[in-house]
Every structure is written in C-alpha cells, then in structure tokens.
Amino acid sequence: MGNQKDNRHIYLTKRSLLKEEYNSGRLSELYSSLVNQHQISVIIPIKNEFPDFFSTLESLNQSWLSFCETSFCEKSSCEKEKILVILVVNALENDNPKVIENNEKLIEALEDAKNQQKYEGLDFFTINLNPPMGFLPEKQGVGYARKLGMDYAIFFDCKILACLDGDTLVAKNYVEVLYQFLEDMKEKGELFAVTDFFHQRAENQFFQKAIDSYEGFLKFHSKKLEDCGTPFYPVALGPTLVSSNYAYCAVNGMNLKVAGEDFYFLQSLIKLQIADGKCLKTKILDTRVFPSSRISDRVLFGTGSRINELVEDAKNVAPSCDNDKILEKISYPYYDEWIYDEFKKFFAEKNPEVTNLKNFLEDEKFLENFAKMKKNYGKSQNRFESAFHTWFDGLKIIRGIHFLERVER
C-alpha cells in the first residue's frame, strides 16, 4: 500500500481542510495528546438531531459492549479499545434559529453524557460548527462536515474511518466487524469496504411502502450492475462507507460536492482499488447499518426527499380518500431490463457496434481512448480491464443509462 506515514503527511499538508493549522503546528499544540490513541474512528455529521441522536450513540455503544464479549476481542490486540466518535455539529450562518438552538441543546447534552461517562466504549471529539461559535462555509453541506471530521481522524492517525449519519443505528456486530476489517487492512492491505443497509421503519404505511420500494430499487440496481461486469456497482450511501486511512488520503479525502459527495468518494475508492488490476469487487462487510426513513429536506437528493416525492406523486394520481389505491401507486421506477443487457454486452465485448450505446460512445470518444488503453495495457489483461473500467466509471454509467432511456427501439 505504499508508505502510509508519507501518505498521511502529504494529505494533511496539501489536501486537508486542516492544512493551514497542520502546517503551522497549531494542530499539534492543541491535540497532540489525541494522536495514536484510537485505531477506529466513527465520523458523524450532525444537524438538528436532538434528542434522537442519542439513539445512534446508544446503538454504537451497545455494539461495542457486544464486541467486548466476543472471542475475537479477547484474541486481538485491540481488546476493549474504545472507539473515537468524531461529531461535526453543523449549521449555516443563516439557518433557521430553531436548527441552531437544537444543535446547542445537543452539544450541552453531549457534554453531560461525557461527564457522566454514559457511553463507556466511546470517546468523543466534538467539532462545533454551530453559530455563533462557527458555521459551515456558504454553499457547503454534509460533505464538508464529513470531510472535516474525517480529516481530524487522519490527523489523530486513526487507521479505520467509518461514516455514520446522526439518525442511523448499527447492528449488534457492527463494532466487531470494524475491528475485523482493521485486521484485514493490516494483514491483507484492504483499502475500503461498505456495509449492508436496511432502513428503519417509517412513520406510516405510505412512507413505509415508499422506502421499501426505493430500497428495493437501490439493491436491485446494484446487483444488476454487478452482473453487467462493472466494478461501480455498490450503493453509494454515506453511513455504509468504511475506509482505511491510506485509501482516504490516496483519493484526496471526501469529495466536497454539495450533492452526490458520497457517490464521488466511493467512485474514487473503487478506482484506487482497481488501479493495479487485481480486484474489481468491493468488500461487503458482514454487518448492517439502519438509516432513518424519515422525511427530510436537508439533503436535496437524499432518501427523505425521494420518499416524500413517491408518496406525493401517488396521492396526486389516486383518490385521496382511498388508502389502498394510494399504496398501489407508490412504486419507485426501475430501469428496463434491456438497458442492463446493453451494458452487459458492451462490457463483455467492448465493441460499440453490438450495442445501442454506439452514439453515446462516439460522443465520449471511446475509440480513441480504447486505442490508447490497448497500446498502454494490451499486454496485461488485468491492467487493460482496470484501465477500461477506470475510464467507463460510475458517472459514465449514469449518463449512459440516461442516454439509453431516450433511445427509440
């Protein structure tokens, strides 16, 4: 995996949100006592989550207690080692005062919980980006908050960075599996992984039907893409992401796009993993996280907004007084089977003539790029496949799908 020490230092010096404080030595002055104290960090952006956020902490702590009872814990070098939970409490300067007040209540309650040592398996590091103490930069969102928390984890020299959301619960074996991944990282050079996910129960039958439909689409679509032969098949969901410190630094950290930051971060991790042509499959950890299925407008293209759209669309086309009719109409649209077939044919043969993607590939200058791949990597099938998929990445797949949806057959 290269030199992890240099990898970390270069990232903190040049790419991190903390680079000015790191280069000036101020970070070391303030937080040197926290460096090398934890191997695993869980990074959680928080906004307007009081009091429900404490269910997330309780879930995480219970998972740690379960880990302490396992034989793996007794045999490993990390026996009963605490997890560092990095909390990024955030708001924009002009956010609703109720949001800012809610964040203040959470920070106060968290201090009380820490003083009472309520969560024995968790150590906390809280970043206050809540006015008037601080605030998110204008036009930034959860991606910035997540990156800032993860950058602190890199400074603290945590080996594993796991992402969660403030409304997400974890499975009983979550912490145990994180420590198993830590061992795999050390012994096998694992770079990153994702967990399985299953949304929490919704508040009523309409939203439950919507979340079941949307989650079903995400998992079906992921499986179909995997069957097509692309490595860009895992669902890009923030609280499922787990990265080694080396991989995080190597891809220049979390993406700062206001929408889709998790997608672009995961895509970068996949490209890093397939770069040597050895593995086109993402490691799926044998544990689950349970994101909330509540309606929320905090993330423009998030799960909550999609669920709300499904329910509202169904109510618009069905009699409002007939619940069964509304439930019938709640269905997330799937892509047609032939679209996956087109990708499967192209990935197998890499010949534009065999697919309806031909015009799309011409616009993307596929033949010119394909010739370069053949010239540079043609002697190694593994490296050639890696180069091909690095070029035809997850973003091109999305654009290709939208192109095929417009094709007349």
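Everything numeric here is computed off the predicted structure, so don't read it as measured data.

Novice: Looking at this model, I keep getting lost on the environment of aspartate 286. Mind explaining?
Specialist: Looking at the secondary structure, you find aspartate 286 in strand β8 (residues 284-290). A residue is classified by how much of its surface remains accessible, and aspartate 286, at 66% relative accessible area, is exposed. Taking C-alpha positions, aspartate 286 is 26 Å from glutamine 37, a pair spaced 249 residues apart along the chain. With sequence-adjacent residues up to four places away left out, aspartate 286 is seen in contact with Asn173 and Val177.

Novice: Any chance you could explain the pattern of salt bridges here in plain terms?
Specialist: Opposite charge on two side chains permits pairing when their charged atoms draw close. For the coordinates displayed, the defined rule picks out 23 salt bridges. Ionic pairing is found between aspartate 123 and lysine 82, a salt bridge with its closest N-O pair at 3.7 Å. Here lysine 82 lies in the loop between α5 (71-75) and β2 (83-90) and aspartate 123 lies in strand β3 (residues 122-129), a separation of 41 residues in the sequence. Across the pair glutamate 385 and lysine 350 runs a salt bridge, and its minimum N-O distance is 2.9 Å. Residue glutamate 385 is located in helix α17 (residues 381-391), and its partner lysine 350 is located in the loop between α14 (337-349) and α15 (358-363); the two are separated by 35 residues in the primary sequence. Neither residue differs from the other here; glutamate 385 and lysine 350 are each classed as buried. Shared partners join several salt bridges into a network, and the residues in it are Asp184, Lys188, Glu190 and Lys283.

Novice: Help me understand the state of the cysteines, please; the structure alone is not making it clear to me.
Specialist: Disulfide: a covalent bond connecting the sulfur atoms of a pair of cysteines. The tally for this structure, following the rule as stated, stands at 0 disulfides. Cysteine 249 takes part in no disulfide bond, and the closest cysteine sulfur, belonging to cysteine 158, lies 11 Å away.

Novice: Help me out: how do you make sense of the packing of aromatic side chains in this one?
Specialist: In this description, a pair of aromatic rings is defined by centroid distance and the angle of the planes. Using the criterion set out here, one finds 39 aromatic pairs in the structure. Geometrically, the ring pair formed by phenylalanine 346 and phenylalanine 366 is edge-to-face, given 5.2 Å between the ring centres and 70° between the ring planes. With a gap of 20 residues between them, phenylalanine 346 in helix α14 and phenylalanine 366 in helix α16 (residues 366-377) connect regions that are remote in the sequence. With respect to burial, phenylalanine 346 and phenylalanine 366 carry one shared label: buried. Between phenylalanine 366 and phenylalanine 370, the ring centres sit 5.1 Å apart and the planes meet at 40°, which makes this aromatic pair tilted. Of this pair, phenylalanine 366 and phenylalanine 370 both sit in helix α16, 4 residues apart, which is roughly one turn of that helix. The class of phenylalanine 366 is buried, set by a relative accessible area of 1%. Accessibility expressed as a relative area gives 17% for phenylalanine 370, which makes it buried.

Thresholds applied
- One numbering rule holds for all chains: residues counted from 1, following each sequence as written.
- Per-residue local features are limited, in this predicted model, to residues with pLDDT of at least 70; the limit for side-chain atom pairs, both in listing and counting, is 80 or more; totals at the level of whole chains, interfaces and linings are taken over all residues.
- For side-chain calculations, the full set of non-hydrogen atoms in the structure is used, while hydrogens and water are omitted.
- The numbering of helices and of strands both runs from the N terminus, where a helix is a DSSP run of H or I of at least 4 residues and a strand a run of E of at least 2.
- Partly exposed residues are those whose accessible area sits between 20% and 50% of the maximum for their type, while under 20% is buried and over 50% is exposed, using a 1.4 Å probe and protein chains only.
- Residue contacts are defined here by distance: any two heavy atoms, one from each residue, within 4.5 Å place the two residues in contact.
- Basic side-chain nitrogens of Lys or Arg form a salt bridge, by our definition, when they fall within 4 Å of a carboxyl oxygen of Asp or Glu.
- Cysteine sulfur atoms are paired as a disulfide whenever they fall within 2.5 Å.
- Centre distance within 6.5 Å is the pairing criterion for rings of Phe, Tyr and Trp, where only the six-membered ring of Trp is used; planes under 30 degrees apart are then read as stacked, over 60 as edge-to-face, and the remainder as tilted.

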